[in-house]
Every structure is written in structure tokens, then in C-alpha cells.
Amino acid sequence: MAGRTALLTGVTGGWGRAVLDRFAAEGWNVAVTYREETPPGDLPDGVLAVRAELSDPDAAVAAVAAAVDRFGGVDALAHVAGGFAAAGPIDEQPIDVWRSQMTINLDTAYFMTRAVLPPMKAAGRGSIVYIGTS
């Protein structure tokens, strides 16, 4: 399919959905990742939904491969996946809470970036955007 292609993560949240809607409105080919058993509801027509646990580097590679297979490449990665689940002051948080936060926020960004760079390099172009909130 001709045209620019964006691969988006975190589309089940408010920011992610806004990014999805913008890319779709601008006429991009769009692939999205999701973790749940079923894809997010009411996706725009033509959006490729790929189930992927992004804390698994192999799943990130598979998500990129699915977008490349369907659309011929990936021109943009918008990584919006993440979150914050700790409650209370940081000095009172167990280490396992810290580690889980690093996994969902940093590991996923690293794995997606690592997976999307080869097709971007092959194409000689690409953009990567990370969106986070506090």
C-alpha cells in the first residue's frame, strides 16, 4: 500500500488515541499495537491492529514486521505506551514496583526503537517520537 506508514503504541489511552486519530485524519497508513485479548474498538478503517506484549523484544520485532509486511515500511514510530502505577512517595515504594515501571515505560520504548530502526535505515528515513505524561 502506497503512502506514509506510522506504527503507534499505547492507542488504548487518551493520548494514544489522539495520536491515532491525527495520523488517520492526515491519510497515513497506520498500524497499532495492543496487549488485550481483543483489539481496541472503533479503529478507523484500514488500521492494522497487532497484538503485542511490548516488554518482549521479540513481540516488538513481530509488530514492526507486521507493519512492514502490510504497508511496505514504517516511516514513523509514535511510542505512547507506558504508565505510572506507583502510589505514594518514591522512598516508600518496593523495588519491584520501580522495576515494573521501568519495564512498561523504558524497556518498551527501547525494544520498539530497536525493532523499527532496521527498516527505517533500509529506507533511508524515519521519525521516532516518544510521548510521556506525569
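Computed from a predicted structure; not experimentally measured.

The rules behind these values
- Residues numbered from 1 in each chain as written.
- Predicted model: local features only at pLDDT ≥ 70, side-chain atom pairs only at ≥ 80, totals over all residues.
- Heavy atoms only, no water.
- Helix = DSSP H or I, 4+ residues; strand = E, 2+ residues; numbered from the N terminus.
- Expected span 1.5 Å × (residues − 1).
- Buried < 20%, exposed > 50% of the residue type's maximum accessible area, 1.4 Å probe, protein only.
- Arc of directions from axis to C-beta.
- Contact = heavy atoms within 4.5 Å.
- Right-handed = clockwise from strand over helix to strand, strands pointing away.
- Pairing = 2+ DSSP bridges.
- 1 Å grid on protein atoms, 1.4 Å probe; cavity = no way out; pocket = protein on both sides within 12 Å on 5 of 7 lines; lining within 4 Å.
- Points joined across faces, edges and corners; volume = space filled by probe spheres on them.
- pLDDT = per-residue confidence, 0-100.

Caption draft 1: Structural detail: helix 2 (residues 57-71). With 15 residues, helix 2 should reach 21 Å at 1.5 Å per residue; the first-to-last C-alpha distance of 21 Å fits that figure. What helix 2 keeps buried is the set Ala59, Ala60, Ala63, Val64, Ala67 and Phe71. Angular distribution of buried residues about the axis of helix 2 spans 140°; they occupy a single face of the element. Turned more than 90 degrees off the buried face of helix 2, the exposed positions are Asp58 and Asp69. Where the residues of helix 2 are buried, they touch strand 1 (5-9), strand 2 (29-34), strand 3 (48-51) and helix 3 (95-123).

Caption draft 2: Examining the pairing of strand 1 more closely. Within strand 1, five of the five residues are buried, which leaves it mostly tucked inside the rest of the structure. Along strand 1, one buried face is formed by Thr5, Leu7 and Thr9 and the opposite face, lined by Ala6 and Leu8, is buried too. In terms of handedness, the path from strand 1 via helix 1 (residues 14-25) over to strand 2 forms a crossover that is right-handed. As paired elements, strand 1 and strand 4 (residues 76-79) share four bridges and run parallel to each other. Note on strand 4: the bridge partner recorded for Thr9 is His79.

Caption draft 3: Fine view of the environment of Tyr34. Within the fold, Tyr34 resides in strand 2. Looking at Tyr34, the relative accessible area reads 10%, which means it is buried. Every residue in contact with Tyr34, bar those within four places of it in the chain, is listed here: Pro39, Pro40, Ala49, Val50, Arg51 and Ala52.

Caption draft 4: How the structure looks around the layout of surface pockets. Empty space within the largest pocket amounts to approximately 640 Å³. Forming the walls of the largest pocket are 30 residues, and the residues nearest its centre are Gly10, Val80, Ala81, Gly82 and Gly83. Secondary-structure elements contributing two or more residues to the lining of the largest pocket are helix 1, strand 2 and helix 3. The greatest single-element share of the lining of the largest pocket, amounting to four residues, is contributed by helix 3.

Caption draft 5: Structural detail: the pairing of strand 4. Side chains Ala76 and Ala78 of strand 4 all project onto a buried face; the interleaved residues Leu77 and His79 project onto the opposite face, where all are buried too. Sheet analysis places strand 4 next to strand 5 (residues 127-130), joined by four bridges and oriented parallel. Note that in strand 5 the partner of Ala78 across the bridge is Val129. Running through helix 3, the crossover from strand 4 to the neighbouring parallel element strand 5 is right-handed.

Caption draft 6: Summary view of the confidence of the model for the protein. With 98% of its residues at a pLDDT of at least 70, the protein reaches an overall mean of 91. For the protein, the element scoring lowest by mean pLDDT is helix 1, at 92; helix 2 scores highest, at 98.

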